[in-house]
Amino acid sequence: MIDIVQKMKTEDKNNMPKVRIAVIGKSNVGKSALTVRYLTRRYIGEYRSNTDLLYKQTLTINNSPVEVEVVDVCSCDLARFPEEPIYWADACVVVYDITSKKTLSHAMELLQKVHQLRMQNQIPLVLLGNKADLEHLREVDEIEGRTLAVQHGCQFYEVSVAENSSLIYTAFDLLLSECRSTLSSQKTRKFSVSKMIGTLIGNNNVVILEVFPILIVRIKILLNNLHLHLTSTAVMDYNAIINDLQLEIISLKKYNYSLKRQIEDNLNESTSMESSLTEENSKLQLLVFNLKMEIKNLRKENKEILDKVESESVRSNSNVKRKNKSIQTEKNCNDTAIQTAYKTVSSYIQTDLNINDVTTQVKVKSTKKQHKSSFDKRKETSEPLIQSKCNSIINICNSTAADKKSDKSLFMELVEASIDTLSSTSTSADTPGANMKARVKHNKSPATKKQSVLILGDSQARNMRVILK
Ligand SMILES: Nc1nc2c(ncn2[C@@H]2O[C@H](COP(=O)(O)OP(=O)(O)OP(=O)(O)O)[C@@H](O)[C@H]2O)c(=O)[nH]1
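Definitions and cut-offs
- Residues numbered from 1 in each chain as written.
- Predicted model: local features only at pLDDT ≥ 70, side-chain atom pairs only at ≥ 80, totals over all residues.
- Heavy atoms only, no water.
- Helix = DSSP H or I, 4+ residues; strand = E, 2+ residues; numbered from the N terminus.
- Contact = heavy atoms within 4.5 Å.
- Areas by Shrake-Rupley, 256 points an atom, 1.4 Å probe, with all protein chains shown as cover.
- Near = heavy atom within 4 Å.
- Polar contact = N/O pair within 3.5 Å; in protein donor to acceptor, adjacent residues only side chain to side chain.
- Phe/Tyr/Trp six-rings, centres within 6.5 Å; stacked < 30°, edge-to-face > 60°.
- Buried < 20%, exposed > 50% of the residue type's maximum accessible area, 1.4 Å probe, protein only.
- Patch = residues over 30% accessible without salt bridge, like charges linked within 9 Å, V, L, I, M, F, W, Y side chains within 5 Å.
- Salt bridge = Lys/Arg side-chain N within 4 Å of Asp/Glu carboxyl O.
- Axes fitted to C-alpha atoms, helices over the stretch in contact; angles between N-to-C directions.
- Parallel < 35°, antiparallel > 145°, perpendicular 65-115°, else oblique.
- UniProt positions renumbered as here; feature names shortened; annotations may be inferred.
- Pairing = 2+ DSSP bridges.
- Core = buried A, V, L, I, M, F, W, Y, C linked by side-chain atoms within 4.5 Å.

S.K.: Summarise the overall build of the protein chain; cite the residues concerned and give the values.
M.R.: Within the protein chain, the regular secondary structure consists of twelve helices and eight strands. Of the contacts made within the protein chain by residues no fewer than 6 positions apart, 71% connect residues no fewer than 24 positions apart. Of the accessible surface of the protein chain, which amounts to about 29100 Å², a share of 55% is contributed by carbon and sulfur atoms.

S.K.: Outline the site of the ligand, listing residues and values.
M.R.: As a matter of local geometry, the ligand sits amid 21 residues, with Ser 27, Lys 31, Gly 45, Glu 46 and Val 161 nearest to it. In this structure, an oxygen atom belonging to the ligand sits 2.9 Å away from a main-chain N or O atom of Ala 33. Coverage of the ligand by the protein chains reaches 89% of its 650 Å² of free accessible surface. Counting residues per element, the shell around the ligand draws most heavily on helix H2 (residues 31–40), at three residues.

S.K.: So what's going on with the environment of Ala 132? Which residues, and what values?
M.R.: Positionally, Ala 132 belongs in the loop between strand E5 (125–130) and helix H5 (142–151). Residues Ala 132 and Asp 97, spaced 35 residues apart in sequence, show a C-alpha to C-alpha distance of 8.2 Å. Once you skip the residues sitting within four places of it in the chain, Ala 132 turns out to touch Ile 98, Val 159 and Ser 160.

S.K.: Which residues make up the packing of aromatic side chains, and what are the values?
M.R.: Enumeration according to the criterion identifies two aromatic pairs in this entry. Ring geometry for Tyr 38 against Phe 172: centres 4.1 Å apart, planes inclined by 15 degrees, an arrangement best described as stacked. Taken together, the residues span a long stretch of sequence, with Tyr 38 in helix H2 and Phe 172 in helix H6 (residues 166–201) at a distance of 134 residues. Each member of the pair, Tyr 38 as well as Phe 172, carries the same accessibility label: buried. Grouped by ring-pair contacts, the aromatic residues Tyr 38, Tyr 169 and Phe 172 constitute a single cluster.

S.K.: An account of the environment of Asp 52 is requested, with residue identities and associated values reported.
M.R.: Positionally, Asp 52 belongs in the loop between H2 and strand E2 (53–61). Overall, Asp 52 belongs to the buried group, its relative accessible area being 14%. For Asp 52 and Ser 32, which are 20 residues apart along the polypeptide, the C-alpha to C-alpha distance reads 9.9 Å.

S.K.: How would you explain a nonpolar patch on the surface if you had to name every residue and give the values?
M.R.: On the surface, Leu 284, Leu 287 and Leu 291 cluster together to form a nonpolar patch covering roughly 290 Å² of accessible area. Along the chain, Leu 284 turns up in helix H9 (residues 238–367).

S.K.: Can you explain the environment of Asp 173? Please cite residues and give values.
M.R.: Summarising the element assignment, Asp 173 is placed in helix H6. Sequence-distant contacts of Asp 173, defined by excluding residues within four places in its chain, comprise Tyr 38 and Ile 61. Side-chain polar atoms of Asp 173 contact the side chain of Tyr 38, separated by 2.9 Å.

S.K.: Describe in detail the side chain of Glu 158, supporting the description with residues and values.
M.R.: With respect to the helices and strands, Glu 158 occurs in strand E6 (residues 155–158). Engagement of the side chain of Glu 158 in a polar contact is seen with the side chain of Arg 138, the distance being 2.9 Å.

S.K.: Please set out the packing of helix H4 (residues 101–117) against H5 residue by residue, giving values where relevant.
M.R.: Interaxial distance between H4 and H5 falls to 11 Å at its minimum, and their mutual angle equals 5 degrees. With respect to their mutual orientation, H4 and H5 come out roughly parallel. Mapping the contact onto sequence places Lys 101, Leu 104, Met 108 and Leu 111 in H4 and Glu 144, Gly 145 and Leu 148 in H5.

S.K.: Go over the UniProt feature "coiled-coil region" (unreviewed entry) in the protein chain with me, naming the residues and quoting the values.
M.R.: Within the UniProt annotation, "coiled-coil region" (unreviewed entry) is assigned to residues 281–315. Annotated as residues 281–315, this span is 100% helix and 0% strand, and its ends, taken at the C-alpha atoms, are 51 Å apart.

S.K.: Explain the sheet that holds strand E4 (residues 91–97) residue by residue, including any values.
M.R.: Pairing is mixed in the open sheet, where six strands are placed in the order E2-E3-E1-E4-E5-E6. Every interior strand has two partners, whereas the edge strands, E2 and E6, have only one. For this sheet, the mean inter-axis angle between neighbouring strands, taken without regard to orientation, is 20 degrees. With six bridges joining them, E4 and E5 adopt parallel strand pairing. Within E5, the residue paired with Val 94 across the bridge is Leu 127. Across the face of the sheet, H4 comes into contact with strand E1 (18–25), E4 and E5 while running at roughly 165 degrees to E4.

S.K.: Quick one: what's the story with the nonpolar core, residue by residue and with numbers?
M.R.: Note on soluble globular proteins: their nonpolar side chains tend to be buried together. If you look at the biggest cluster of nonpolar residues, it comprises 30 residues, and the most contacted ones within it are Ile 21, Leu 34, Tyr 38, Val 93, Leu 128, Ile 168 and Leu 176. If you list the elements that add at least two residues to this core, you get E1, H2, E2, strand E3 (64–72), E4, E5 and H6. Looking at this core element by element, the count peaks at seven residues for H6. Setting aside chain neighbours within four positions, we find Tyr 38 in contact with Leu 59, Ile 61, Ile 168, Tyr 169, Phe 172, Asp 173 and Leu 176. In this structure, Tyr 87, Val 114, Ile 123 and Cys 154 belong to the second largest nonpolar core, which totals 26 residues.

Quick look at the structure:
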């Protein structure tokens, strides 16, 4: 913080007018760069400092030398608002960064605060929008800065410290000349204020100044303000004030009008944008609806295809099962038929063997002649029986498994084997076995008809049935 008391003690040592300027604004807006640029014409890119810096220089304003003191107030945090420099200053430069909206709102709060603090003794103010070279990053329109300046009755410029805008010098020079004229008009008042303090605190004022420096500065400022107020009231030129006010009203009306136009333009733009958005929205809604319908149809189609595939597979499965079942049944029937036929043949052969045995025995006995008549009788009854059974076997051979060569040949082998056994036990060439074998062989031609045979019967081949399929 600047030692204001020291400044108070050293000021006014010569007759050169002195103007004190406080540069305030949010951090990083370019306060230091601006101050250095104005005082030295040089640009310092990076200027980090965590303390207020005071610059002093003698400048020529309107052909007269002026001692200028500029305080670069570090960090204008509103919570720690720099009241002292504001009381100290004759003028203020409020800076914001056009690439940052929040620096503009901060500048607005600073302006309000300055107005509050210097309510009785308003000081010249200038609002600067810095970093105008960064147009592509602009967040704050020029009209916003200008409007804020009009609201607080101050000058406004957009500048670029980096590009050394000439408006920087214009702004400072105007501020200085304004301060200079104000100060020269106050010169007599300041004198009388000092006198007043002298009268109030007597001859020991120096001691008191040392003991209660801050208090005294405050008192001096208050008295100064009071005195200024009284004096200005005394010399007030109402007409001039009314003129100023009227001019201000006109310029405010102008801004008001331009703002209204801008608002109207924005409104129109937003309305047309809204209608086009609504149109776009309804188009999109229609598109979404169509897409939904398409998805629904596709799902339906998909389900139908799936159902079809499922029913097809079920049908083909049941067909395969049915086919398998019929094949199995057929196989079982064939097996049963073969077995039955085999049994039948075996039983016939067995019967034949028994008859032959009986015949042999009877033949032996016939030599004894006493039973010859009975043998002949029995032979007469048995031979037709064997003959008929042989015929049955041949029929079975003919019909069994007519279309299945393997089954038929198996069956024929069985029959032949059995008949061979029968023949070997027979002695006569015209025995039923030999006859039967000859007849079976005669019928052993490959089947020409495509038929399947089902032979059913009991173990003695009684009630035997052949089913052709
Ligand atoms: N592009 C551009 N950059 C600038 C301009 N003025 C200042 N800067 C840059 O802005 C940054 C901050 O500048 P300072 O002068 O340190 O800002 P300050 O307001 O004093 O910052 P504090 O000391 O934190 O309060 C630096 O990097 C500068 O180079 C300008 O006109 N244009």
